[in-house]
Amino acid sequence: MNPLEFALRRPITILVMMTGLIGAGWLAYSRMKVDIFPSLNLPVIYVCQPYGGMDPLQMEGLLTNYYEYHFLYINGIHHVESKNVQGVAIM
């Protein structure tokens, strides 16, 4: 039988099927989780200090230690990580 003929001959059946589909869709939508990732309410700040002509050991000794020392006095900072590469300090 043609689906169009079936729909025209049995409108109540189609109405019940559509109501069931809409109800199942609403039920699935209301029970769906909002996000699969955990909520991370931690702001992250990156500080990048370029300074040409210094090797990583000099950058760590002169710039990175200075920044890390001052970051300790800021409220709410959990930890500080740093990486020094040729000419750039990233904290």
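Residues numbered from 1 in each chain as written. Predicted model: local features only at pLDDT ≥ 70, side-chain atom pairs only at ≥ 80, totals over all residues. Heavy atoms only, no water.

A. Just the pattern of salt bridges, in detail. Counted according to the given criterion, the structure contains one salt bridge. Among the ionic pairs, Arg9 bridges to Glu5, the shortest N-O distance being 4.0 Å. Taken together, the residues span about one helical turn, with Arg9 and Glu5 both in helix H1 (residues 3-9) at a distance of four residues. On the basis of relative accessible area, Arg9 is assigned to the exposed category, the value being 59%. Note on Glu5: relative accessible area 37%, which makes it partly exposed. (Salt bridge = Lys/Arg side-chain N within 4 Å of Asp/Glu carboxyl O. Helix = DSSP H or I, 4+ residues; strand = E, 2+ residues; numbered from the N terminus. Buried < 20%, exposed > 50% of the residue type's maximum accessible area, 1.4 Å probe, protein only.)

B. Structural context of the nonpolar core. By size, the foremost hydrophobic cluster in this structure holds six residues: Met54, Met59, Leu63, Phe71, Ala89 and Met91. Once residues within four sequence positions are removed from consideration, Met54 is found in contact with Met59, Leu62, Gln86 and Gly87. (Core = buried A, V, L, I, M, F, W, Y, C linked by side-chain atoms within 4.5 Å. Contact = heavy atoms within 4.5 Å.)

C. Representation of the packing of aromatic side chains within the structure. Under the defined criterion, the tally for this structure stands at three aromatic pairs. Each ring, one from Tyr66 and one from Tyr67, has its centre 6.3 Å from the other, and the planes form 70 degrees; the classification is edge-to-face. Note on Tyr67: relative accessible area 24%, which makes it partly exposed. Put simply, the rings of Tyr66, Tyr67 and Phe71 touch in pairs and so form one group of aromatic residues. (Phe/Tyr/Trp six-rings, centres within 6.5 Å; stacked < 30°, edge-to-face > 60°.)

D. Structural detail: the sheet that holds strand S3 (residues 88-90). Strand order in this open sheet of three strands is S1-S3-S2, and the pairing throughout is antiparallel. Only two strands of the sheet have a single partner each, and these edge strands are strand S1 (48-50) and strand S2 (83-85). Ignoring which end each strand starts from, the neighbouring axes of this sheet average 10 degrees apart. With three bridges connecting them, S1 and S3 associate as antiparallel partners. Counterpart to Cys48 in the pairing with S3 is Ile90. (Pairing = 2+ DSSP bridges. Axes fitted to C-alpha atoms, helices over the stretch in contact; angles between N-to-C directions.)

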